[in-house]
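A look at the structure
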Amino acid sequence: MLGKGVVGGGGGTKTPKPSFVSYVRPEEIHTNEKEVTEKEVTLHLLPGEQLLCEASAVLKYVQEESCQRGVCGRLVCTDFKIAFLGDDEPALDNAETQFKNKIIGENDITLHCVDQIFGVFDEKKKSLFGQLKKYPEKLIIHCKDLRVFHFCLRYTKEEEVKRIVSGIIHHTQAPKLLKRLFLFSYAAAAQSIIATSPKDHTVMFDTLKDWCWELERTKGNVKYKAVSVNEGYRICERLPAYFVVPTPLPEEDVRRFQGHGIPIWCWSCHNGSALLKMSALPKEQDDVILQIHKSFLDGIYKIIHRPPYEIVKTEDLSSNFLSLQEIQTAYSKFKQLFLIDNSTEFWDTDIKWFSLLESSSWLDIIRRCLKKAIEITECLEAQNVNVLLLEENASDLCCLISSLVQVMMDAHCRTKTGFQSLIQKEWVMGGHCFLDRCNHLRQSDKEEHRRQLSLPLTQPKSSPKRGFFREETDHLIKNLLGKRISKLINSSDELQDNFREFYDNWHSKPTDYHGLLLPHIEGPEIKVWAQRYLRWIPEAQILGGGRVATMSKLIEMMEEVQSLQEKIDERHHSQQRLQAEAPCLLRNSARLSSLFPFALLQRHSSKPILPTSGWKALGDEEDLAKREDEFVDLGDV
Amino acid sequence: MGVNLSSMRRLRKRLPLSRQVPRLPPSRVSSMASASAPKCNSHTSENEPVKSTSQDGVNCDLNETVPRLPGETLITDKEVIYICPFNGPIKGRVYITNYRLYLRSLETDSTLIFDVPLGVISRIEKMGGATSRGENSYGLDITCKDMRNLRFALKQEGHSRRDMFEILTRYAFPLAHSLPLFAFLNEEKFNVDGWMVYNPVEEYRRQGLPNHQWRITFINKCYELCETYPALLVVPYRASDDDLRRVAAFRSRNRIPVLSWIHPENKMVIVRCSQPLVGMSGKRNKDDEKYLDVIRETNRQLSKLTIYDARPSVNAVANKATGGGYESDDAYHNAELFFLDIHNIHVMRESLKKVKDIVYPNVEESHWLSSLESTHWLEHIKLVLTGAIQVADKVSSGKSSVLVHCSDGWDRTAQLTSLAMLMLDSFYRSIEGFEILVQKEWISFGHKFASRIGHGDKNHADADRSPIFLQFVDCVWQMSKQFPTAFEFNERFLITILDHLYSCRFGTFLLNCESAREKQKVTERTVSLWSLINSNKEKFKNPFYTKEINRVLYPVASMRHLELWVNYYIRWNPRIKQQQPNAVEQRYMELLALRDDYIKRLEELQLANSSKVSSASTSPSSPSQMMPHVQTHF
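Residues numbered from 1 in each chain as written. Chains lettered and ligands numbered in written order. Predicted model: local features only at pLDDT ≥ 70, side-chain atom pairs only at ≥ 80, totals over all residues. Heavy atoms only, no water.

**A few points about the overall build of chain B**
Scanning chain B from N- to C-terminus turns up 22 helices and 15 strands. Residues counted as buried form 63% of the 634 residues belonging to chain B. Put simply, of all contacts in chain B between residues at least 6 apart along the chain, 71% involve residues at least 24 apart. Total accessible area computed for chain B in this model is approximately 23500 Å², and 50% of it derives from carbon and sulfur atoms. (Helix = DSSP H or I, 4+ residues; strand = E, 2+ residues; numbered from the N terminus. Buried < 20%, exposed > 50% of the residue type's maximum accessible area, 1.4 Å probe, protein only. Contact = heavy atoms within 4.5 Å. Areas by Shrake-Rupley, 256 points an atom, 1.4 Å probe, with all protein chains shown as cover.)

Written out as structure tokens, the structure reads:
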């Protein structure tokens, strides 16, 4: 296996197709092994974290200059993460340490982040689960955040291989009790962090005050009230302790069907119209019960149909929109496009990239989510009607659509704390079943519940607004991945016309980035969010390029303006001159990769990345391809 | 990485908008769409609403209905119905001059609907006959070279269609009527002479040439060695003029290997030429073999000379049948040959046609990605970029010198050498540097612009036409997308070049080679496109440009990063909105203005301090009253 040498050395189109297991030069292993005895890297454990098992003399493969190289080290598994401790960890430079994740290192995989584990047996890749009879020579871990790790176990002692492989499989695949989640031991051991001034922190929406604050902020307090009827979850566990309903709604109505059939306020628009959500009443066959339901709902609608309330338009997300199954299926196909094992795979899939993307239909789902949100925005903004989102439990597509609408309409939601507060309000307090959707307890029978629901929220990026979110926020959302129902939008022509007019009209005017923002939804405008999806793929990194290049220029300019302003202030106030220069984070932007800050630890070289597989058949153009560029008259040749 | 939004906003709010924020330059492309006809998203091909004048020489008298360039004359005007593919029929008046086709609406406030140079027209067809019924079924359908069609409905009575057809044909295809191209009639004056931009001797001197290994030869002074090469060539010092003549006999159309670029440090070179005339019998030429070896030895490297043949190997083999071929291993011991698999001009032309099919008039929605893939356009872009990266890498890494050719060395070869040079030499990433690059690698080395574009020629189906130069510009755009701070020019610059590639307003892209241009006295009789651009450079500058000497740029030639250039290919569609000057750029421009303002203030303050005139409370320019405070938090 080692005899096969370096993969793709030198690059170019002439590289022989590397086999799945050709990796490391033998001399590299020797030097590395020597170093093992000299240096021991210590494992960094979080409070409450326990080491469960480990193996030494493991090789981790690193993609470098179009070839793979092995780094020797220890592979460990704790009750929180799988970690690889390389023997020759390169020193980080200044910019790098600044953006280093303090909890999860470059070679750390939290147990919940593990998506699939494969073993390589005699050059064949097999999915690993349960009890193993035979242990693999190589372990491949696909992560939910799309990283791919390759660990070679050939030089590891047999018992250690057994221990680490079965340990990892057990701790990432066996069903778990909620109380066993690492989070609880961590919380018990770590000191709680006290939030600073309420102005700068995320609104958690766990107090009546928070809801009143939000009502006041959106001027919804005229027609809506915060209620504490569910304090201590007396009525319903699904609903938050505090929430907001139309002012005239009697509290006993909330109790009647455990919160079902109640219009719950999400957000108020500047013109007074509001976005509401309602979980549907349980389905019933019995006519008598159905009659009871009907009269209950009639009563509810009477309350909200009457002035001062605007006309209510009901949007049934359970029957008129995407199904959770569709979303889940599309995402599983889509993510597969980014879980790339090696350079060859990257370039092989590159030729049919667009059709692969299309067949996943993920981008189409994103488009439909954005479109639905724009339709609702049009109702609120242009028609001045209330919109009531209806869904079985009002905790999946409701969360998705209502938060998208707020991102488009409410500039506050586009600030860092505003966005975090929005996630807290609509997703966490909104009762999105993260535990089930992400299958954190790994109940295999619950597969059908695992649907990537919060992902569409992080995807809308076709409009320039996206650039303003800080990546930390993205990161946060990334960790909140959830998963979950539909029919095509069969709206009337009139609705489509209103939509089109609203959409076209908005786009023909200059944008006010602090007002309403509508994303573009045309085919060519919906693109893959490169920084999230391509960030771990070395072939996809643009050295010194990408959006990060302009962003760092912008930051430099802000620093310069700020320091100039300080100078003017000093002169003006004739104070002593402080020549303290603002620290320069990103001056050397030319060195940053386009994947910064996520994959900044890729040691980059000045070598270009060259496609290794070239051309696909032209099909019907074959005869054209054979033609001469021009008629060649070469005389007596 | 994050820009703190709230702080940015605060920063912005604090600015009394009227004073501190300067008017931003018109957005790059959006101005094209923002001309005066909101209804129809005006189809001007000028980058400027026609109302705003002068800077690029458009003369616009309010009393006149049509803007006119000096030398432009109105031929006729007619009432027509313009069948807008996006908004339906619009009644208008069309004006035809010897340069342009111009349409004003007769419905809404006589707004401009479009302003198209006649040079853009590729084909004019009559639609509907005397018997045709139905509304607007009788008229003209005009196919343009820039990804759109213009359709007019005309009255059947009174020969108005015949007249319009004849006039348009005459002025859009002047060559078929023994008329001059408009560039020869254009009397525009600019304060910069674009013809002075490129001086080969100066450019070679910038590269450090001549040196001990390379000399400048005037052997082709009167184009007697090679008709399609420039007068001035750089060749190995050790090769005599007689050697060159003997080599010329063995290279297609005498296009011998000559230097395009030399690495300032390792002295590796990029050399370009046409295919060797090997033929079926596998002919050899000692002089050619020796000449290549001389090239290899110029930098005293022992490594082999790398030859990149741009063609797919099957085509290179097939070319033997017509007398061409490639450098075989047994004849050229010290060379290593690689094929770059870039297809010929016919494949590229069909590919672009397919792109038009999916974007005009309607953008294929439901299967956008697979339709895009089926055009192969981006796949071709990928291959061209990949080839250029390989060339650049070989030279930059100091591994070996590179010789590039295809069949004749004026299409794919030009793409590869110019793109590789753009990657290697940051000079070419400046506005003037890019002009020099185009002028040198494309215009002077005989890319057959006249044949590939068909300036003033009515034969729309000519197999010689092909969007090779457009493909090159697209590659440049892809690079500028990947490296947004590396180019001095913006997207508008590239689009302007492409617009005038067809317009025939400037002499820059006319004719096939330098010898033909000299015969026609193009530099004396026409204006250069660079005059227009360089006299108004600010419009074409990228605010993010950071000058970096000696930085090699390697774009990533992966479909994951390549995009269809929407702002060019789909710019006529009002639904696909031209990106407004993007938020980051806008904010950056604001900060730039703020910085300049602060620097000015600081200078004023320094001046005031030194002259000891300071009475903060009374001075009208007191900073306490005037100065906006920026509170940016980091």
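Now that the structure has been shown, the text picks up again.
**Re the UniProt feature "active site" (unreviewed entry) in chain B**
Residue and element names in this part refer to chain B. Here, UniProt's "active site" (unreviewed entry) annotation points to C406. Examined against the element boundaries, C406 turns out to sit in the loop between β15 (402-405) and α12 (412-424). By relative accessible area, C406 is classed as buried at 1%. Apart from residues lying up to four places away in sequence, C406 is in contact with C273, S274, Q275, D309, A310, R311, D411, R412 and T413. (UniProt positions renumbered as here; feature names shortened; annotations may be inferred.)

**Considerations on the pattern of salt bridges**
Residue and element names in this part refer to chain A. Counted according to the given criterion, the structure contains 64 salt bridges over all chains. Residue K277 is joined to E426 by a salt bridge in which the shortest nitrogen-to-oxygen separation is 3.8 Å. Taken as a pair, K277 in strand β12 (residues 274-279) and E426 in helix α14 (residues 416-428) lie far apart in primary sequence, 149 residues in all. The class of E426 is buried, set by a relative accessible area of 1%. (Salt bridge = Lys/Arg side-chain N within 4 Å of Asp/Glu carboxyl O.)

**Here's the deal with the UniProt feature "binding site: substrate" (unreviewed entry) in chain B**
All names here are of chain B. UniProt feature "binding site: substrate" (unreviewed entry): in the numbering of this structure it lies at N344, I345, C406, S407, D408, G409, W410, D411 and R412. The largest pairwise C-alpha distance within this set of annotated residues, which runs over 69 residues, is 12.3 Å, so the set is compact in three dimensions. When you line up the elements, I345 lands in helix α9 (residues 345-359). A relative accessible area of 1% means that I345 is categorised as buried. For W410, a relative accessible area of 3% puts it in the buried group.

**Focus on the domain arrangement of chain B**
Residues and elements named next belong to chain B. Domain parsing of chain B yields domain 1 (74-172) and domain 2 (200-564). On the side of domain 2, 18 residues touch domain 1, which itself brings 16 residues to the contact. In this assembly, domain 1 packs against domain 2 so that about 1400 Å² is buried in total across both faces, 60% of it on carbon and sulfur atoms. Taken as a group, Y99, K145 and M147 account for 43% of the area that domain 1 buries against domain 2, more than any other trio of residues on that side. Counting the contacts that link domain 1 with domain 2 gives zero salt bridges. Viewed at the interface, domain 2 and domain 1 are joined by six residue pairs in polar contact (both at pLDDT 80 or more). Secondary-structure elements contributing two or more residues to the side of domain 1 that touches domain 2 are β6 (121-127) and β7 (139-144). Across the side of domain 1 that touches domain 2, the residue classes tally to eight nonpolar, four polar and four charged. (Domains from an automatic or database assignment. Buried area = accessible area lost by both parts, 1.4 Å probe. Polar contact = N/O pair within 3.5 Å; in protein donor to acceptor, adjacent residues only side chain to side chain. Nonpolar A, V, L, I, M, F, W, Y, C, P; charged D, E, K, R; others polar.)

**A short note on the packing of helix α11 (residues 377-396) of chain B against α12(B)**
When two helices pack together, their arrangement is given by the angle between their axes and by how far apart the axes lie. Residues and elements named next belong to chain B. Following both chains from N to C, one finds α11 and α12 inclined at 55°, their axes separated by 8 Å at the closest point. By the criterion of interaxial angle, the relationship of α11 to α12 is oblique. For the pair α11 and α12, the sense of crossing is right-handed. Across from V384, L385, G387, A388, I389, V391, A392, V395 and S396 in α11, the residues of α12 making contact are Q415, L416, L419, A420, M423 and L424. (Axes fitted to C-alpha atoms, helices over the stretch in contact; angles between N-to-C directions. Parallel < 35°, antiparallel > 145°, perpendicular 65-115°, else oblique. Left-handed = near helix turned anticlockwise from the far one by under 90°.)

**Notes on the confidence of the model for chain B**
Residues and elements named next belong to chain B. With 85% of its residues at a pLDDT of 70 or more, chain B shows a mean pLDDT of 86. Here residues 1-63 scores under 50 on pLDDT; set against residues more than four positions off or in separate chains, the count is 169 contacts. Here the predicted complex scores 0.86 on pTM and 0.83 on ipTM. (pLDDT = per-residue confidence, 0-100.)

**Quick word on the packing of aromatic side chains**
Following the criterion strictly, the structure yields 48 aromatic pairs over all chains and no others. A ring pair is formed by B:W442 and B:F469, whose centres lie 5.1 Å apart and whose planes are at 85°; its orientation type is edge-to-face. Remark: B:F469 occurs in helix α15 (residues 468-482) and B:W442 occurs in helix α13 (residues 431-444); sequence separation between them is 27 residues. Summarising the burial analysis for this pair, B:W442 and B:F469 share the class buried. On the basis of an interplanar angle of 85° and a centroid distance of 6.3 Å, the ring pair of B:W565 and B:Y569 is categorised as edge-to-face. The exposure class assigned to B:Y569 is buried, which follows from its relative accessible area of 1%. Within the aromatic cluster, the residues linked to one another by ring pairs are B:F434, B:W442, B:F449, B:F469, B:F472, B:F487, B:F489, B:F493, B:F509, B:W530 and B:F540. Here the basic side chain of A:K125 rests over the ring of A:F118, its NZ or CZ set 4.6 Å away from the ring centre. One residue, B:R560, lies across the ring of A:F346, its end atom 4.0 Å from the ring centre. (Phe/Tyr/Trp six-rings, centres within 6.5 Å; stacked < 30°, edge-to-face > 60°. Lys NZ or Arg CZ within 6 Å of the ring centre and 35° of its normal.)

**Observations concerning the sheet that holds β12(A)**
Residues and elements named next belong to chain A. Read from one edge of the open sheet, four strands run β11-β12-β14-β13, paired in mixed fashion. This sheet does not close on itself; its edge strands, each paired only once, are β11 (264-268) and β13 (312-316). Ignoring which end each strand starts from, the neighbouring axes of this sheet average 25° apart. Pairing between β13 and strand β14 (residues 386-391): five bridges, direction parallel. Looking at the pairing, D316 lines up with L390 of β14. On the sheet, helix α12 (residues 362-381) packs against β11, β12, β13 and β14 and is oriented at approximately 145° with respect to β14. (Pairing = 2+ DSSP bridges.)

**Quick word on the pairing of strand β8 (residues 149-153) of chain B**
All names here are of chain B. Here β8 lies mainly inside the structure; four of its five residues are buried. With two bridges connecting them, strand β2 (residues 74-84) and β8 associate as antiparallel partners. Bridge assignment links I81 to a residue of β8, and that residue is A153. With five bridges joining them, β7 and β8 adopt antiparallel strand pairing. From the neighbouring strand, G139 faces β8, where its bridge partner is A153. A loop of four residues connects β7 with β8, the two strands running antiparallel in sequence, and M147 in this loop sits at a positive phi of about 70°.

**Overview of the sheet that holds β15(B)**
Residues and elements named next belong to chain B. Here five strands make up an open sheet; going across it, the order is β11-β12-β15-β13-β14 and the pairing mixed. Of all the strands in the sheet, the pair left with one neighbour each is β11 (258-262) and β14 (335-339). Neighbour-to-neighbour, the strand axes of this sheet turn through a mean angle of 25°, independent of strand direction. Pairing of strand β13 (residues 305-309) with β14, which is carried by five bridges, proceeds in the parallel orientation. In the strand pairing of β14, L305 is matched with A335. Its contacts with the sheet place helix α7 (residues 286-297) against β12 (269-273), β13 and β15, and it is angled at close to 120° to β13.

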